[in-house]
Amino acid sequence: MKREHQQQSSNSSTVTGSASAAMGSVSVSGKNKMWQEEKERSLQPDAGVDELLAVLGYKVKTSDMADVAQKLEQLEMAMGTVQETEIISHLSSDTVHFNPSDLSTWVQSMLSEINPLPNSDLISSSSSQHIDDPVTVLATQSCSFQDLGSDDLRVIPGGAICAPEREKKRLKPSSPTQSSSALTRPVILVDSQENGIRLVHTLLACAEAIQQENFQLAGTLVKQVGLLAISQAGAMRKVATHFAEALARRIYRFYPEDTLDSSSISELLELHFYETCPYLKFAHFTANQAILEAFQGESHVHVIDFSMKQGIQWPALIQALALRPGGPPTFRLTAIGPPQPDNTDTLQQVGCRLAHLAETVHIEFEYRSFVANSLADINAEMLNLRSGEAVAVNSVFELHRLLARPGAIERVLNSIRRMKPKIVTIVEQEANHNGSVFLDRFTESLHYYSTLFDSLEGGGGGGGSTSEDQMMSEVYLGKQICNVVACEGLERVERHETLSQWRIRMGSAGFNPVHLGSNAFKQASMLLSLFGGVAGYRVEENQGCLMLGWHTRPLIATSAWKLGPVADLVEFS
Amino acid sequence: MKRLLNLEEEGEDHHHQKMMMMMKKQRSILSKTEFSNLNEDMLFEILKHVDAPTLAKASCVNKKWQKTSNDERLWEIICTRHWVNIGCPEAQVRSVVLAFGGFRLLHSLYLRPVLKATALSQNQSSTIPTKWGKDEVHLSLSLLSIRYYEMMDCNYKRRQK
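Residues numbered from 1 in each chain as written. Chains lettered and ligands numbered in written order. Predicted model: local features only at pLDDT ≥ 70, side-chain atom pairs only at ≥ 80, totals over all residues. Heavy atoms only, no water.

Looking up chain B in an unreviewed UniProt entry gives the name F-box protein GID2, with the organism given as Aquilegia coerulea. The heading Pathway (unreviewed entry) in the UniProt record of chain B holds the text "Protein modification; protein ubiquitination." (UniProt positions renumbered as here; feature names shortened; annotations may be inferred.)

By the naming in an unreviewed UniProt entry, chain A is DELLA protein, taken from Aquilegia coerulea. Regarding chain A, the relevant UniProt record gives this comment under Subcellular location (unreviewed entry): "Nucleus". Under Sequence similarities (unreviewed entry), UniProt gives the following word-for-word description of chain A: "Belongs to the GRAS family. DELLA subfamily."

A. Summary view of the pattern of salt bridges. All names here are of chain A. Under the definition given, this model contains 19 salt bridges over all chains. With a closest N to O distance of 2.6 Å, Glu457 and Lys238 form a salt bridge. Taken as a pair, Glu457 in helix α18 (residues 438–458) and Lys238 in helix α12 (residues 234–252) lie far apart in primary sequence, 219 residues in all. When its relative accessible area of 36% is taken as the criterion, Glu457 is described as partly exposed. In this structure, the salt-bridge partner of Glu245 is Arg249, at a minimum N-O distance of 3.1 Å. Within this pair, Glu245 and its partner Arg249 are both found in helix α12, separated by four residues, close to a single helical turn. Look at Glu245 and you get partly exposed, because its relative accessible area is 36%. For Arg249, a relative accessible area of 17% translates into the label buried. If you follow the salt bridges from partner to partner, you end up with Arg250, Arg441, Glu488 and Arg492 in one network. (Salt bridge = Lys/Arg side-chain N within 4 Å of Asp/Glu carboxyl O. Helix = DSSP H or I, 4+ residues; strand = E, 2+ residues; numbered from the N terminus. Buried < 20%, exposed > 50% of the residue type's maximum accessible area, 1.4 Å probe, protein only.)

B. Here's a closer look at the interface of chain B and chain A. The interface is formed by 28 residues belonging to chain B together with 31 residues belonging to chain A. When the buried surface of chain B facing chain A is broken down by residue, B:Asp135, B:Leu139 and B:Tyr149 rank first, second and third, together holding 24% of it. Applying the counting rule to chain B against chain A returns one salt bridge. A salt bridge links A:Lys522 to B:Asp135; the nearest nitrogen and oxygen atoms lie 3.5 Å apart. Counting across the chain B and chain A interface gives five residue pairs in polar contact (both at pLDDT 80 or more). When contributions to the side of chain B that touches chain A are tallied by element, the ones reaching two or more residues are α7 (90–100), α8 (103–121) and α9 (134–160) of chain B. Residue composition of the side of chain B that touches chain A, by class: 16 nonpolar, seven polar and five charged. (Contact = heavy atoms within 4.5 Å. Buried area = accessible area lost by both parts, 1.4 Å probe. Polar contact = N/O pair within 3.5 Å; in protein donor to acceptor, adjacent residues only side chain to side chain. Nonpolar A, V, L, I, M, F, W, Y, C, P; charged D, E, K, R; others polar.)

C. Quick look at empty space enclosed by the protein. Residue and element names in this part refer to chain A. One pass over the structure, following the stated rule, counts 10 cavities of 30 Å³ or more. One number sums up the size of the largest cavity: a volume of about 190 Å³. Taken together, 17 residues make up the lining of the largest cavity; nearest its centre are Glu270, His284, Met308, Lys309 and Ile312. Residue composition of the lining of the largest cavity, by class: eight nonpolar, five polar and four charged. (1 Å grid on protein atoms, 1.4 Å probe; cavity = no way out; pocket = protein on both sides within 12 Å on 5 of 7 lines; lining within 4 Å. Points joined across faces, edges and corners; volume = space filled by probe spheres on them.)

As structure tokens, this is what we get:
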């Protein structure tokens, strides 16, 4: 019905507009059905509007499709080769599009703006050809489009017009010289899946080129990735974009600056990440449960936290201690954190808030904070440990940073031993991003972060996160990706290792595993059910440790440790 | 009167029956007075026996009913009625929950969603189960405390400045 209406309207407009084109002599009264009398249709300038595009609001003649498709393809390539930030923002700015149906002409105008290609040749050269040649038809169609009344051909459409076009279809480019095929309906392939595979292959090829130090090839490939990424939608697109950026940084040696500012920014981003997906919550809840169980029966407890950030792990523990059967213990908390920019003591502020919270539930609370550039600078003596108190050491996504400097992790594990903790809780990413071969690291991280981004897209927001939260979480993860792919040496701090690797490390440092009980498992499962649990998050138990994953892929792992016998320990000074 | 009938339909629970008896008594005493002019204490007594959705609906009747229905003690009854003994004395629980925002908040923000979600994920219907386990309760309490902490941030910063 719509199509017919459009047919009618375009029919009528031809009648009113000047038919100066050679086509004007053709009768316009025919209401030929589109799927019959193709040839006649090709002679009529405005019948046979493609129905798929018509649904989107674009009036593109079926016979024009090939040409429009080719131009869109060219446009896309042109957009890709120009520096991302300049042109895309320019295109997506709030410019008004007056005649969205005039697809062919705006593509033309975009092309001539971005990339002065001799596209106009196509039109001018073919205008002298015979009428029956579909190419001429194309050319004269274009002219007649002009006559149809869209005066301002230079109007640039907003990015919003661009996007749905791409996501819905990828028009298969066919050269206008395939004249006979123009008579049949042109093929519209939805090959975004094919493009997705191509995207992954290109990413891997680029990484391999970097591995072989062929930076020129890598540079070309990374541009290709950029183009292909645009054709994707959702998680794949975001992951590909981040990885492409990271690869580009590595190729062109444009490393991300690790300024002091970045630590406060990353804390802010982490807060948003906290809201959007259950990973951090899972980490906190399972670690707290292990600590609670270890503290059973103790009247003085002391937690040493390597990953204080905003202290959001501790309200739940304080509450649980307050409701402990048998009454609450006295609670001491020592925080160790990195220095902050402009000397604000966020750790102290966090301590004040936690103290206030502890006060409202009548828990005796003591807080101390240490600022250190690296955990390796801290030793047990500084912490003023008292006899009679049970100590717990907690580290959420912090230990892997120590792997950048040789010897650091051993030193830290040693100091932990000297603290004589009742329990050590460690939460780490379940992935090996610390291999010595770049290509392996790249492949691993590609799979890992793809799954992570998938879960961000697919998982429910837990009833509280906004799309802003999601965006910030993606930026947060993007920074990690940048670090894994683009940085090296001391700067590459995101050196994730798998649970099995950590097990070996902890074992050789003299720690024995503590099994996380069924309470932790149940709480974790329940937490996930809040996040649309059936959607995809899974809790797994792995030899006493708990892992949270998306579908079949575990993504983070919580483990708990206690001191083993002193005999089989190698001391590092 | 319609309300009475609804309540009757809702439960074979003897609480409801008890309430019915009280209502009949009330009706006979105050046959000329409107139901909504019910004495506050009487209303409180009645609302002690209703379930959560009813209590929530009761708070929408009028201002007086709202004031009575939002009483923390009523919501404490709603919360603690079904949960298994979580091991610590009532007074302790009460002080913690009230400090972090109250039972009404606890129930609407956390208890109910957690219970619903658990029931759903175990492929049962999404009706709230009648026995609330330790884990559900602990999880809800933890989430409540986290919320208090997060909200404290805004207030605290304001106070500091």
